[in-house]
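Chain by chain, the residues:
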Amino acid sequence: MDNTLRIAVQKKGRLSDDSLKLIKECGIKFNNGAGKLKANSTNFPMEFLFLRDDDIPGYVQDGIADIGIVGGNEAEEKNKDVDTVKNLGFSKCRLSLAIDKNETYNGVEDFEGRSLATSYPKILGDYLKSKNVNAEINEISGSVEIAPSIGLAYGICDIVSSGSTLLSNGLKEVEVIYKSEAVLLANKNLSAEKREILDRFIFRIESVQAAKNNKYILMNVPNESVQQIIDILPGMKSPTVMPLADEGWSSVHTVIQEDDFWEIIEALRGAGAEGILVVPIEKMIL
Ligand SMILES: Nc1ncnc2c1ncn2[C@@H]1O[C@H](COP(=O)(O)OP(=O)(O)OP(=O)(O)O)[C@@H](O)[C@H]1O
Ligand SMILES: O=P(O)(O)OC[C@H]1O[C@H](OP(=O)(O)OP(=O)(O)O)[C@H](O)[C@@H]1O
Ligand SMILES: [Mg+2]
């Protein structure tokens, strides 16, 4: 079906909700009833496959799915011949090495001749090789944090986010070896028709992401301070300045980035801006 783009998303797990939320924010509607493993969009040429995340990179490589959403860690581990089209900014986590919290740690050379349990043998193997460390890799499929306490391995390599799973299993993080977030993968040989649908999808994702990273701000400014305020504002274009009914005052509107947010607000207040309103942006078309 050349006129439909097939997307593989995780059926149930850490990626599912945010993947579907992003797709919905892109205005793509679908019905995924409980237990349904396939669905069609009702307003965009997209078909959905709901799968285990482990299978997604391979399905995208083989063209069973045209595109897919997985963790960067899973894409790296499976090492398939696919394009990584976009970082999606959710499911952020890291792959780390951890050991018993009571053990001393001097550096990665401590793992020489020791064993590590992991579900990520490829990423761990590459890392150890790059550090010239020979360690035994014990591949297990889950509950990795239990391994040191039951004598299965000296250390582990697993996903860490808040660190609370390590803490509750008496482990300490000693090296971060890979930083991950959800990524959009694509098959390398998409037809021109599918590529066009993918470009439309990417354009929508970028508009959603840009909106999340920016805020619309409005403020009242004494006329004599307008130039100073404009100099502080790094807006998309030059800000909008409109006279207020109150003589001697103007209203200034612009868009600022989330990252610079508080520094700019402080500078604006210092320069005499009053009644500053900050409004979330629904979509931002670049
Ligand atoms: N605690 C976490 N915080 C943030 N992101 C995480 C966390 N745990 C996992 N992830 C990310 O989400 C992805 C999916 O994790 P999940 O635990 O749902 O996988 P899974 O159990 O292998 O699922 P499946 O049943 O589909 O095989 C991981 O590969 C990782 O990228
Ligand atoms: O640092 P933390 O915030 O504690 O997160 C890390 C944990 O999260 C994931 O497991 P998850 O809770 O998804 O359970 P699962 O692996 O059994 O699916 C991962 O496998 C870690 O065990
Ligand atoms: Mg999995």
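For the structure, see preceding data.
Residues numbered from 1 in each chain as written. Chains lettered and ligands numbered in written order. Predicted model: local features only at pLDDT ≥ 70, side-chain atom pairs only at ≥ 80, totals over all residues.

J.: Report on the sheet that holds strand β9 (residues 155-160), specifying residues and quantitative values.
T.: Here we have five strands laid out as an open sheet, ordered β8-β7-β9-β6-β10, and mixed in their pairing. The open sheet is flanked by β8 (136-139) and β10 (171-180), the only strands paired with a single partner. The mean angle between the axes of side-by-side strands here comes to 25 degrees, regardless of whether they run parallel or antiparallel. Summarising the sheet, strand β7 (residues 115-118) and β9 pair through three bridges and their orientation is parallel. Within β9, the residue paired with T118 across the bridge is C157. Across the sheet, helix α4 (residues 121-130) lies against β6 (93-100), β7, β8, β9 and β10, angled at about 170 degrees from β8, the strand it touches most. (Pairing = 2+ DSSP bridges. Helix = DSSP H or I, 4+ residues; strand = E, 2+ residues; numbered from the N terminus. Axes fitted to C-alpha atoms, helices over the stretch in contact; angles between N-to-C directions. Contact = placed C-beta atoms within 7 Å.)

J.: Hey, could you go over the site of ligand 2 for me, with residue numbers and the actual values?
T.: Around ligand 2, the surrounding shell consists of R14, G142, E145, D158, I159, V160, S161, S162, G163, S164 and T165. Secondary-structure elements contributing two or more residues to the shell around ligand 2 are β9 and α5 (164-168). For the shell around ligand 2, the element with the most residues is β9, which contributes three residues. Residue composition of the shell around ligand 2, grouped by class: two nonpolar, six polar and three charged. (Near = placed C-beta within 6 Å. Nonpolar A, V, L, I, M, F, W, Y, C, P; charged D, E, K, R; others polar.)

J.: So what's going on with the site of ligand 1? Which residues, and what values?
T.: Looking at ligand 1, there are 15 residues lining it, with G13, R14, G71, C93 and S161 nearest. Taken together, the residues that form the shell around ligand 1 break down as three nonpolar, seven polar and five charged. There are two domains that each give the shell around ligand 1 at least three residues, and those are domain 1 (5-90 + 181-211) and domain 2 (93-179). (Domains from an automatic or database assignment.)

J.: Tell me about the nonpolar core, residues and numbers included.
T.: Ranked by size, the top nonpolar core spans 30 residues in total, and within it I7, V60, I67 and L185 carry the most contacts. Put simply, the parts of the chain that give this core at least two residues each are β1 (5-10), α1 (16-25), β3 (46-51), α2 (56-62), β4 (67-71), β11 (182-186) and α6 (192-212). For this core, the element with the highest residue contribution is β11, accounting for five residues. The contact partners of I67, leaving out residues within four places of it in the chain, are L5, I7, V60, L184, L185, A186 and L198. Grouped together as the second largest cluster of nonpolar side chains are 19 residues, L95, L97, A135 and A153 included. (Core = buried A, V, L, I, M, F, W, Y, C linked by C-beta atoms within 7 Å. Buried ≥ 20, exposed ≤ 12 C-beta atoms within 10 Å, placed from the backbone.)

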